[in-house]
Amino acid sequence: MVTFMHGLRVIAYLMHRLAFVTVVCAAFGAVIYTTLCAFNVMPWLEIPLSLSGRPIENSGLWVQSSLTGLAVLLMFFLPSNTRILALENSHRSFQLGMHDVARAYHHAHAADRADAFKLSSEFDSVRERLVYLRNHPDLGSLEPDVLEAAAQMSHISKELANIYSDDALARARDFLRQRQTEVDNFNSRINNAKLVATELKHWLHEVELEESVAASQLERLRDELHEVLPELGKIAMVEVEAERDTITRLPRAAE
């Protein structure tokens, strides 16, 4: 796909150059031929034209002059189009260059996060990174200026690479993983406690309900006993009083 797009760009570039040369040559040829016609060296074009049934005199002269003027105008217009194309090409080259720099910087920064560079001074640090990028198998086709820019960018961001190194990120991930495990265990214990509390609450409700039923049954039984055996209580009271009288009389008889 990349080769196909590159081929299309090459074809477009060649067609633009061919169109430019063709228009310039046609404009110069038309100007020279029209000038020779003006001096009666060459004959004017003869084109039979008519308007409303009336023939137009010298129609070839006017058509030839108009085409010559159009060719001259196009010739003056092409330089501006050429500048636009040059600007587009430079913009495309800038984008490609920045893409290459970003790709090289990505590899250098990844190696820096893995603690692959040991030198601290600026010159040695940049040189070490530049050697690493030159020996990288995926960056062999890049220009030295691109690799140098990526190496300098990697040196500038080395403090950031130390802060977010692979070891630091691994420790942070382990810590967060442990915290997540603790939170999961705590949530599990909370869920178990909720289940136990719900079970105890339901059990307490059942016990209170059974106690209420038992108390109501006992109260009903007392009411029934008072209704069915009203005299039993009086007879028992008389017998108790008789026993008391007997007990109190016994000492007097002994006397």
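Definitions and limits used
- Residues numbered from 1 in each chain as written.
- Predicted model: local features only at pLDDT ≥ 70, side-chain atom pairs only at ≥ 80, totals over all residues.
- Heavy atoms only, no water.
- Helix = DSSP H or I, 4+ residues; strand = E, 2+ residues; numbered from the N terminus.
- Contact = heavy atoms within 4.5 Å.
- Areas by Shrake-Rupley, 256 points an atom, 1.4 Å probe, with all protein chains shown as cover.
- 1 Å grid on protein atoms, 1.4 Å probe; cavity = no way out; pocket = protein on both sides within 12 Å on 5 of 7 lines; lining within 4 Å.
- Points joined across faces, edges and corners; volume = space filled by probe spheres on them.
- Nonpolar A, V, L, I, M, F, W, Y, C, P; charged D, E, K, R; others polar.
- Expected span 1.5 Å × (residues − 1).
- Buried < 20%, exposed > 50% of the residue type's maximum accessible area, 1.4 Å probe, protein only.
- Core = buried A, V, L, I, M, F, W, Y, C linked by side-chain atoms within 4.5 Å.
- Patch = residues over 30% accessible without salt bridge, like charges linked within 9 Å, V, L, I, M, F, W, Y side chains within 5 Å.
- Salt bridge = Lys/Arg side-chain N within 4 Å of Asp/Glu carboxyl O.
- Lys, Arg positive; Asp, Glu negative; His and termini not counted.
- Charge placed at Lys NZ, Arg CZ, Asp CG, Glu CD.
- pLDDT = per-residue confidence, 0-100.

Digging into the overall build of the chain
The secondary structure content of the chain amounts to seven helices and two strands. Mapped from its N terminus to its C terminus, the chain presents α and β elements in the order α-β-β-α-α-α-α-α-α. Long-range contacts, defined as pairs at least 24 residues apart, comprise 62% of the intrachain contacts of the chain with a sequence gap of at least 6. Summed over its atoms, the accessible surface of the chain is roughly 20,400 Å², and 64% of this surface lies on carbon and sulfur atoms.

A closer look at the layout of surface pockets
Looking at the second largest pocket, its volume works out to about 160 Å³. Taken together, 15 residues make up the lining of the second largest pocket; nearest its centre are Asp112, Asp115, Phe117, Lys158 and Asn162. Split into classes, the residues belonging to the lining of the second largest pocket amount to three nonpolar, four polar and eight charged.

Side note on helix α4 (residues 144-156)
Between its first and last C-alpha, α4 extends 18 Å over 13 residues, near the 18 Å set by a 1.5 Å rise per residue. Among the residues making up α4, those that are buried are Val146, Leu147, Ala150, Ala151, Ser154 and His155.

Comments concerning the nonpolar core
Note that soluble globular proteins tend to have their nonpolar side chains buried in a common cluster. If you look at the biggest cluster of nonpolar residues, it comprises nine residues: Ala104, Ala108, Val126, Leu130, Leu133, Leu139, Leu147, Ala150 and Ala151. Listing elements by their share of this core, those giving two or more residues are α2 (59-113), α3 (122-135) and α4.

Some thoughts on the environment of Ser125
Relative to the assigned elements, Ser125 resides in helix α3. The spatial distance from the C-alpha of Ser125 to the C-alpha of His155 is 6.5 Å, given a sequence separation of 30 residues. When sequence neighbours within four positions are dropped, the list of residues in contact with Ser125 reads Leu119 and His155.

Some words on unusual backbone geometry
Excluding glycine, most residues fall at negative phi; most peptide bonds, likewise, are trans. Phi is positive for Asn40, which is not a glycine, with a value near 60°. Of note, Asn40 is situated in the loop between α1 (2-38) and β1 (50-51). Owing to a relative accessible area of 69%, Asn40 belongs among the exposed residues under this scheme.

Structural notes on the side chain of Thr34
Within the secondary structure, Thr34 is located in helix α1. The class of Thr34 is buried, set by a relative accessible area of 14%. If we ignore the near neighbours within four places in the chain, the residues touching Thr34 are Trp44, Gln64 and Thr68.

Digging into a negative patch on the surface
Among the surface-exposed residues, Glu206, Glu208, Glu210 and Glu211 lie close enough to one another that they form a single negatively charged patch. Mapped onto the secondary structure, Glu208 falls in helix α6 (residues 166-228).

A short note on the confidence of the model for the chain
Of the residues in the chain, 76% reach a pLDDT of 70 or more, and the chain-wide mean stands at 76. Of all helices and strands in the chain, the one with the weakest mean pLDDT is helix α7 (residues 230-254) (52), whereas α6 scores best (88). Below pLDDT 50 for its whole length, residues 250-255 participates in zero contacts with residues either more than four positions away or in separate chains.

Focus: a nonpolar patch on the surface
A cluster of nonpolar side chains, Phe28, Ile32, Leu36, Phe39, Val41 and Met42, forms an exposed patch at the surface whose accessible area comes to about 600 Å². Mapping Met42 onto the fold places it in the loop between α1 and β1. Residue classification places Met42 among the partly exposed residues on the basis of a relative accessible area of 32%.

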